[in-house]
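Coordinate inspection notes
Single-letter residue listing:
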Amino acid sequence: MHELAIAQSLLDIIVDESKRHGLERINKVRLQIGKFAAVVPESLTFCFELVSRDTVASGALIEIESVGITARCDKCDFSFDVEDQVFLCPRCGEPALELLSGRELSVTSIEGETGEDDDGNQGPSCS
Ligand SMILES: [Zn+2]
């Protein structure tokens, strides 16, 4: 299962990042996924919930931003958005072989808590 492997590697990145920033709990993770990566967002979210169990990212909200596919024709140097997986250059009709975007699969932001709250918003207040 494709998404399970992806979820696992994303989790590795997230756990790594959270250690670096001293996060003890992850609230939200934002991902950027290219349409060419052929990932089903619902499936990835589901797999992520499975693999993140008992980690800092357990229960984190996953936000997926999908990135459209753009390609460039190397015959006429024209860049265009790819619709329906058609990679033919709309200008000269040659197949465009260079993918400019659409293969993204990355963590763009992580929001979490460090556990060392130093602002006075938490805890009882006695004024
Ligand atoms: Zn072209």
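Up top you'll find the structure we're talking about.
These remarks concern the structure in this document. Note that the structure is a prediction, hence the values are computed from the model and not measured. Per chain, residues are indexed from 1 in the order of the written sequence. Local features in a predicted model are, by the rule used here, given only for residues with pLDDT of at least 70; side-chain atom pairs are given and counted only at 80 or more, and totals for whole chains, interfaces and linings are based on all residues. As a rule here, side-chain values cover all heavy atoms of the structure and leave hydrogens and water aside.

Remarks on the sheet that holds strand 6 (residues 105-113)
Going by this rule: Pairing between two strands requires that DSSP report at least two bridges joining them. Helix numbers and strand numbers start at the N terminus; a helix is a DSSP run of H or I with at least 4 residues, a strand a run of E with at least 2. Geometry is summarised by axes, namely lines fitted to C-alpha atoms with helices restricted to the contacting stretch, and by angles between N-to-C directions that run from 0 to 180 degrees. The contact definition used throughout considers only heavy atoms, calling two residues in contact when any of these lie within 4.5 Å.
What the 3 strands build is an open sheet, ordered 2-1-6; its pairing is mixed. Each end of this open sheet is capped by a strand with a single partner; those strands are strand 2 (61-67) and strand 6. Looking at each pair of strands side by side, their axes are set apart by 15 degrees on average, direction ignored. Two strands pair when backbone bridges link them, and strand 1 (residues 25-34) and strand 6 are joined in this way by 8 bridges, in the antiparallel orientation. Bridge pairing in strand 6 places Arg30 opposite Ser109. The strands touched by helix 1 (residues 2-20) are strand 1 and strand 6; relative to strand 6, the strand with the most contacts, the crossing angle is about 45 degrees.

Side note on the packing of aromatic side chains
To keep it simple, the criterion reads: Geometry of aromatic contacts follows a simple scheme: Phe, Tyr and Trp rings, the Trp one being its six-membered ring, pair when their centres are within 6.5 Å, and the pair is stacked under 30 degrees between planes, edge-to-face over 60, tilted otherwise. Exposure categories follow from relative accessible area, calculated using a 1.4 Å probe and restricted to protein chains: below 20% of the type maximum is buried, above 50% is exposed, and the middle band is partly exposed.
Tallied over the full model, the rule gives 2 aromatic pairs. Ring centres of Phe36 and Phe87 lie 5.6 Å apart, and the angle between their planes is 75 degrees; on these two criteria the pair is classed as edge-to-face. Here Phe36, found in the loop between strand 1 and helix 2 (41-51), pairs with Phe87, found in the loop between strand 4 (79-81) and strand 5 (98-101); they are 51 residues apart in sequence, far enough to count as distant. Taken together, a centroid distance of 6.4 Å and an interplanar angle of 15 degrees make the contact between Phe78 and Phe80 stacked. Exposure remark for Phe78: the relative accessible area of 24% places this residue in the partly exposed category.

Brief notes about the pattern of salt bridges
Rule in force here: Salt bridges are identified by distance alone: a Lys or Arg side-chain nitrogen within 4 Å of an Asp or Glu carboxyl oxygen.
Scanning the entire structure with this criterion turns up 7 salt bridges. With a shortest N-O distance of 2.9 Å, Arg20 and Glu17 are connected by a salt bridge. With Arg20 and Glu17 both in helix 1, this residue pair falls 3 residues apart, about one helical turn. Accessibility expressed as a relative area gives 24% for Glu17, which makes it partly exposed.

Concerning the nonpolar core
Heads up, the condition is: To form a nonpolar core, buried Ala, Val, Leu, Ile, Met, Phe, Trp, Tyr and Cys residues must be joined to one another through side-chain atoms within 4.5 Å.
Of all hydrophobic cores here, the largest spans 19 residues; its most connected members are Ile26, Val29, Leu31, Leu44 and Phe48. Elements with a minimum of two residues in this core: helix 1, strand 1 and helix 2. Counting residues per element, this core draws most heavily on helix 1, which supplies 5 residues. Each residue touching Leu31, except ones within four places of it in the same chain, is listed here: Leu10, Leu44, Ile62, Glu63, Ile64, Glu65, Ser106, Val107 and Thr108. The next biggest cluster of nonpolar side chains, apart from the first, holds 8 residues, and it includes Cys73, Phe80, Val82 and Leu99.

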